[in-house]
Structures are given as structure tokens and as C-alpha cells.
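Here are the chains, one letter per residue:
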Amino acid sequence: MARGGGEEEFYLRYYVGHKGQFGHEFLEFEFRPDGKLRYANNSNYRNDTMIRKEVFVSPTVLREARRIVEQSQVMKEDDRNWPVPDRDGKQELEIVMGNQHISFITSKIGSLINVQSSHDPEGLRIFYYLVQVLNPQTPCRALLF
Amino acid sequence: MAAANAGDVEVVDFDSDDDDLMDDDAPEVNPAPAAPRLRSTIAAGGDSAAARKTKGRGFREEPSSSRPLVGRTDFDSLGSDDGPGPLRSFSVCAAIEGWIILVTGVHEEAQEDDLHNAFREFGQVKNLHLNLDRRTGFVKGYALIEYESFDEAQAAIKAMDGTELVTQIINVDWAFSSGPVMRRNVRRRYVFVDVVKCIRLFICIEFLVRAK
């Protein structure tokens, strides 16, 4: 793949969801190395349909996403001591950056209280804030309201 | 079961060619070359110096059904038929009709006013989102700005990219694009356009010459 000199591979995927009364409710987004951003949001609550969108983001956006990931230092963390997924749901974070590939799985995080009371509050806090910043919903919602 | 082997299988399953091939709408979109690179790097295993270091439960578990994006082809592909270039955000969020630019390198103590003052001279700023780091309360380093017209947005990009704002150099670029980050293909497209222009020019010149 032709990229700028010395640029590393970058890929990021985040999933949060659960299966329950209203079916498989989830949110997932994915930044692919070629700049394609895929986003899917599904809820069967009141027969909502799935939203699936994909769009190409500019190289600047990819660079910024990568910078935010680097700054968070999430690549140094490990999900070994994070809560395991449960009936309330699951989160997945998969990132490829250069020669590092992480694939973390944990339960849903309701609030910072869950983070504080976990066995790895530092790591989980990094995960928690990183996801908030990268979620494409955040700027979209802000621009809309 | 060795964790490393399970990890290899897990990653290969995820980055399957099926996923990449199925969402190729436009001919130039071909992330498939990227997939073999990832796979071969990982398939090489621990004996290759270039192999990726893997970490996390995702490599130790069986592939689950929580991969809703994989293999799906029924995505709203926004703007990828139009060729390379900026994409009007109307297609992205139906309620936002304008052109969105991304400003990066924003100083963490910058205020919305600083950005607004700097960018209002290119056109009416319809929307401005300065992302905050919720943990620190400081600016996350990027902002999204929306203009109504392409020209306004492009003028802002040209004028402000690489300039200083609140003591820090900012970069300004489009947020969305119609095509993938494949510079090779972009170059090819430009060459084609140039050739067509040249041919048209030659034809014009030939007519002029013959007319004399």
C-alpha cells in the first residue's frame, strides 16, 4: 500500500454492545488503514433499524486518531485484570499500530465508579476516555446540537 | 492450546479477504493489499522479527458474533463514487449540510473564541466543535469547523494550514474524503486528466494550424 514515507500501519476498531430484550444492540466503528471509517449502530428497541455508514476520512483525520491513541498510551496497557464481559454487555477495542496489535475485551463501563472499583483503574480509565474521544458520534452530535 | 497459535488464527479470521473484497465499490478502492500484509506478518509467527506483538483477550478467545461489521456489504457508502477529493458532509450526517474541516495541533488552552476569530474571515462559521479531553478538561487538540460552501472551507484550509494559533502551529485539512488514502491511485487520476487536457490542446492547435 502506497503511504507516506515511514508511516506505520494504523487500524482501530471499537465495539460495545449487548444481547438482550431488544436483540443485539451495539455500536461499532472502525478506522481502516486506507482511510475508510465504518460505523454501525443497531438497536431493535421499538423496531429501530440498523444504521450503517461508511465514509473516507482524510489522511489528517487518520493522523490525528493515531496521535490520540499514541498520547493515551493505551498500547502499553493490558486487559488481563479488566472485568470480563457479562450479561450487561461487552466492549472490544482492537488497534494495530506499527508492529503492535492489541485486542482488548472487557465488560461495559457504566461510569467512572466502575473504573475506580476495578482491579486496574489506571488502565481502564485510559480505555474509558480514549473511546469517548474517538467515537465519531461525539463530534457529530456536537455539531448537530 | 498455545496462545500464540490461537492469536494467529484469530487475527487471520478477522482480516479475511472476504471482508475487504465485498465492500469494494469503486475500482480504485482496494484495501485487499493491506490485508495480506497484516496476515503474512502475523502468520509468520514468533520466529520472524517483523511479526507483530499481540496482546489482549481478543487473541485468546474464539471469534464471537460481536463482529457486526465483518463481511457486511450493505453499508451506506458515502461519496465513494465521486472520485478523490473532499466530501460534502451532507452525505455523512443528513442534518449537517456544509463542508467540514479538521484543525489539528490546537493548543490545549485554546478557547472556542480563538478559533472562531481566526476562521470567521473565510465565511460564516456555521458550526464549531472543539473537542475536550473529559479527563483533563483541556482541549484534546483538534477542532471541527463547518462552512456552508466549499470555497469558504477551501479558503480557510489554504490560508490557515501551517499557521500559528495561540502559540502553536495548526494544520487544517478536509475532514472527509471521497476516496481512500491511496496516493498512487490519486496520482494516476491526475495524470489521466492532464493527458486529456493535453490532447484537447493539441487538437485545438492542429485545427488552428490547418485553418491557416
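Each remark here, short or long, concerns the structure printed above.
Position numbers for residues start from 1 in each chain and track the written sequence from start to end. A letter from A marks each chain and a number from 1 marks each ligand, given out in the order of writing. With pLDDT at 70 or above as the cut-off, local features in this predicted model cover only qualifying residues; side-chain atom pairs require 80 or more to be listed or tallied, and sums for whole chains, interfaces and linings still use all residues. Each side-chain value is worked out from all heavy atoms of the structure, with water and hydrogens disregarded.

**Q** Tell me about the packing of aromatic side chains, and please be specific about residues and values.
**A** All names here are of chain A. Pairing of aromatic side chains requires ring centres within 6.5 Å, counting the rings of Phe and Tyr and the six-membered ring of Trp. Pairs whose planes differ by under 30 degrees are stacked, by over 60 edge-to-face, and all others tilted. Evaluation of the coordinates by the stated rule reveals 11 aromatic pairs over all chains. Between Phe29 and Phe31, the ring centres sit 6.2 Å apart and the planes meet at 85°, which makes this aromatic pair edge-to-face. Across the pair, Phe31 and Phe29 agree in class, each one buried. Clustering of aromatic rings is evident, with ring pairs tying together Tyr14, Phe29, Phe31, Trp82, Phe104 and Phe127. A simple rule labels every residue: compare its accessible area, found with a 1.4 Å probe on the protein chains alone, to the largest value its type can have, and call it buried under 20%, exposed over 50%, or partly exposed in between.

**Q** Which residues make up the pairing of strand β6 (residues 100–106) of chain A, and what are the values?
**A** A large share of β6 of chain A lies buried, amounting to 6 of its 7 residues. Here strand β5 (residues 90–97) of chain A pairs with β6 of chain A via 7 bridges, running antiparallel. Paired with Ile95 of chain A across the bridge in β6 of chain A is Ile102 of chain A. Hairpin connection from β5 of chain A to β6 of chain A: 2 residues lie between these consecutive antiparallel strands, with Gly98 of chain A at a positive phi of about 65°. At least two bridges found by DSSP between two strands are what make those strands a pair. By the criteria applied, helices consist of DSSP H or I runs no shorter than four residues and strands consist of E runs no shorter than two, each listed in order from the N terminus. Here 3 bridges tie β6 of chain A to strand β1 (residues 53–55) of chain B, and the two strands are oriented parallel to one another. Pairing of Gln100 of chain A across the sheet is with Lys53 of chain B, part of β1 of chain B.

**Q** Break down the environment of Val139 of chain B for me, with residues and values.
**A** Residue and element names in this part refer to chain B. Its location among the elements puts Val139 in strand β5 (residues 139–147). For the pair Val139 and Val106, spaced 33 residues apart in sequence, the C-alpha separation works out to 7.5 Å. Two residues form a contact once any of their heavy atoms are found within 4.5 Å. With residues near it in sequence (within four places) discarded, Val139 still touches Val106, His107, Glu108, Ala110, Leu130, Asn131, Leu132 and Asp133.

**Q** Lay out the nonpolar core in plain terms, naming residues and giving numbers.
**A** Ranked by size, the top nonpolar core spans 40 residues in total, and within it Leu12, Val69, Val74, Ile95 and Leu134 of chain A carry the most contacts. Per element, the largest residue contribution to this core is 8 residues, and it comes from helix α3 (residues 121–134) of chain A. Among all residues touching Val74 of chain A, those that are not within four sequence positions of it are Val69, Leu93, Ile95, Ile102, Phe104, Ile126 and Leu130 of chain A. Among the nonpolar cores identified, the runner-up in size contains 24 residues, and Phe119, Leu130, Val139 and Ile170 of chain B belong to it. Joining through side-chain atoms within 4.5 Å is the link that ties buried Ala, Val, Leu, Ile, Met, Phe, Trp, Tyr and Cys residues into a set, and such a set is a nonpolar core.

**Q** Can you break down the packing of helix α1 (residues 59–72) of chain A against α3 of chain A residue by residue, with the values?
**A** Residue and element names in this part refer to chain A. The interhelical angle for the contact between α1 and α3, taken along N-to-C directions, is 165°, at an axis separation of 10 Å. Considering the angle they form, α1 stands roughly antiparallel to α3. As α1 runs across α3, the sense of the crossing is right-handed. Seen from α1, the contacting residues are Ala65, Ile68, Val69 and Ser72; seen from α3, they are Ile126, Leu130, Val133 and Leu134. Class assignment of the residues belonging to the contact of α1 with α3 gives a composition of 7 nonpolar, 1 polar and no charged. Every axis in this analysis is a line fitted to C-alpha atoms, fitted for helices over the stretch in contact. Angles between the N-to-C directions lie between 0 and 180 degrees. Angle categories: roughly parallel below 35 degrees, roughly antiparallel above 145, roughly perpendicular from 65 to 115, and oblique for all the rest. Crossing chirality is assigned from the near helix's rotation relative to the far helix, an anticlockwise turn below a right angle marking it left-handed and a clockwise turn marking it right-handed. Each residue is assigned to one class: nonpolar for Ala, Val, Leu, Ile, Met, Phe, Trp, Tyr, Cys and Pro, charged for Asp, Glu, Lys and Arg, and polar for all the others, Gly among them.

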